[in-house]
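Structural overview
So you can see what is in the structure, the chains are spelled out below.
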Amino acid sequence: MSTDVNTIQDPLGRTIYLLQYAEVDVQEISHELYDDAATVIRKPAMLFEVIKELDKQLFYFRSTGWQRTMLVIVHFQNQRWETLRYVNNPSNEMLSEMMKNGSQLI
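**Some details on the overall build of the chain**
Of the regular secondary structure elements, the chain holds two helices and eight strands. Counting helices and strands in the order they occur from the N terminus, the chain gives β-β-β-α-β-β-β-β-α-β. Each of the 106 residues in the chain was classed as buried or not, and the buried ones make up 39%. Put simply, of all contacts in the chain between residues at least 6 apart along the chain, 48% involve residues at least 24 apart. Total accessible area computed for the chain in this model is approximately 6,500 Å², and 47% of it derives from carbon and sulfur atoms.

Below is the structure:
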């Protein structure tokens with residue numbers, strides 16, 4: 001992904017801003033991280049909405065390879081949806097918590 005492209009449309013029509021300074025839980029940071037994140041947001045296998053106090057978060061999840069998955073967490077801040085965290089191969093506990101506390105949108 002080129003550096004001048006910083007927004008992605010999700011399947012529900014939301015514009016998501018991919019921020020390079022979001023928290024990253026991956027082994028290596030590369031340009032593929034942002035390409036994978038864009039794919040996860042455009043075509044999620046699962047999309048959950050979690051509301052914690054006044055913070056609404058969206059969790060986009062899908063596989064990005066044969067043995068790799070990615071979770072992209074975004075939240076509504078500054079009147080727009082921004083990436084908060086990128087997680088490669090999220091733990092079962094993290095996914096279980098997301099499913100328990102959220103509402104599945106896709």
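**Focus on the confidence of the model for the chain**
Averaged over every residue, the pLDDT of the chain is 86; the share at 70 or more is 85%. Here strand 3 (residues 23-25) stands out as the element of the chain with the lowest mean pLDDT, 56, in contrast to strand 8 (residues 103-104), whose mean of 96 is the highest. Here residues 1-5 scores under 50 on pLDDT; set against residues more than four positions off or in separate chains, the count is six contacts.

**Brief notes about the layout of surface pockets**
Size it by volume and the second largest pocket reaches roughly 180 Å³. Lining the second largest pocket, in full, are Val 50, Lys 52, Gln 57, Phe 59, Ile 73, Leu 84, Arg 85, Met 94, Glu 97, Met 98 and Asn 101. When residues of the lining of the second largest pocket are traced back to their parent elements, those giving at least two are strand 4 (46-52), strand 5 (55-65), strand 7 (80-88) and helix 2 (92-101). Here the element with the most residues in the lining of the second largest pocket is helix 2; it accounts for four residues. Within the lining of the second largest pocket, the residues separate by chemical class into six nonpolar, two polar and three charged.

**Concerning the pattern of salt bridges**
Taken as a whole, this structure holds five salt bridges when the rule is applied. Between Glu 49 and Lys 56 there is a salt bridge, with the nearest N and O atoms lying 3.5 Å from each other. Assessed through its relative accessible area of 34%, Lys 56 is described here as partly exposed.

**Observations concerning the packing of aromatic side chains**
Applying the stated criterion to the full structure yields one aromatic pair. Summarising the aromatic geometry, the rings of Phe 76 and Trp 81 are spaced 5.2 Å apart at their centres and angled 65 degrees between planes, so their arrangement reads as edge-to-face. Taking relative accessible area as the criterion, Phe 76 reaches 40% and is therefore assigned partly exposed. In this structure, Arg 80 is placed above the aromatic ring of Tyr 17, and the distance from its NZ or CZ to the ring centre is 4.1 Å.

**Notes on the pairing of strand 5**
Two elements, strand 4 and strand 5, share seven bridges in a ladder whose sense is antiparallel. Bridging from a neighbouring strand, Val 50 pairs with Gln 57 of strand 5. The turn linking strand 4 back onto strand 5 is made up of two residues, and Glu 53 within it adopts a positive phi angle of 50 degrees. Pairing of strand 5 with strand 6 (residues 68-77) involves eight bridges; the strand directions are antiparallel. Residue pairing for strand 6: Leu 58 is matched across the bridge by Val 74.

Parameters and conventions
- Residues numbered from 1 in each chain as written.
- Predicted model: local features only at pLDDT ≥ 70, side-chain atom pairs only at ≥ 80, totals over all residues.
- Heavy atoms only, no water.
- Helix = DSSP H or I, 4+ residues; strand = E, 2+ residues; numbered from the N terminus.
- Buried < 20%, exposed > 50% of the residue type's maximum accessible area, 1.4 Å probe, protein only.
- Contact = heavy atoms within 4.5 Å.
- Areas by Shrake-Rupley, 256 points an atom, 1.4 Å probe, with all protein chains shown as cover.
- pLDDT = per-residue confidence, 0-100.
- 1 Å grid on protein atoms, 1.4 Å probe; cavity = no way out; pocket = protein on both sides within 12 Å on 5 of 7 lines; lining within 4 Å.
- Points joined across faces, edges and corners; volume = space filled by probe spheres on them.
- Nonpolar A, V, L, I, M, F, W, Y, C, P; charged D, E, K, R; others polar.
- Salt bridge = Lys/Arg side-chain N within 4 Å of Asp/Glu carboxyl O.
- Phe/Tyr/Trp six-rings, centres within 6.5 Å; stacked < 30°, edge-to-face > 60°.
- Lys NZ or Arg CZ within 6 Å of the ring centre and 35° of its normal.
- Pairing = 2+ DSSP bridges.

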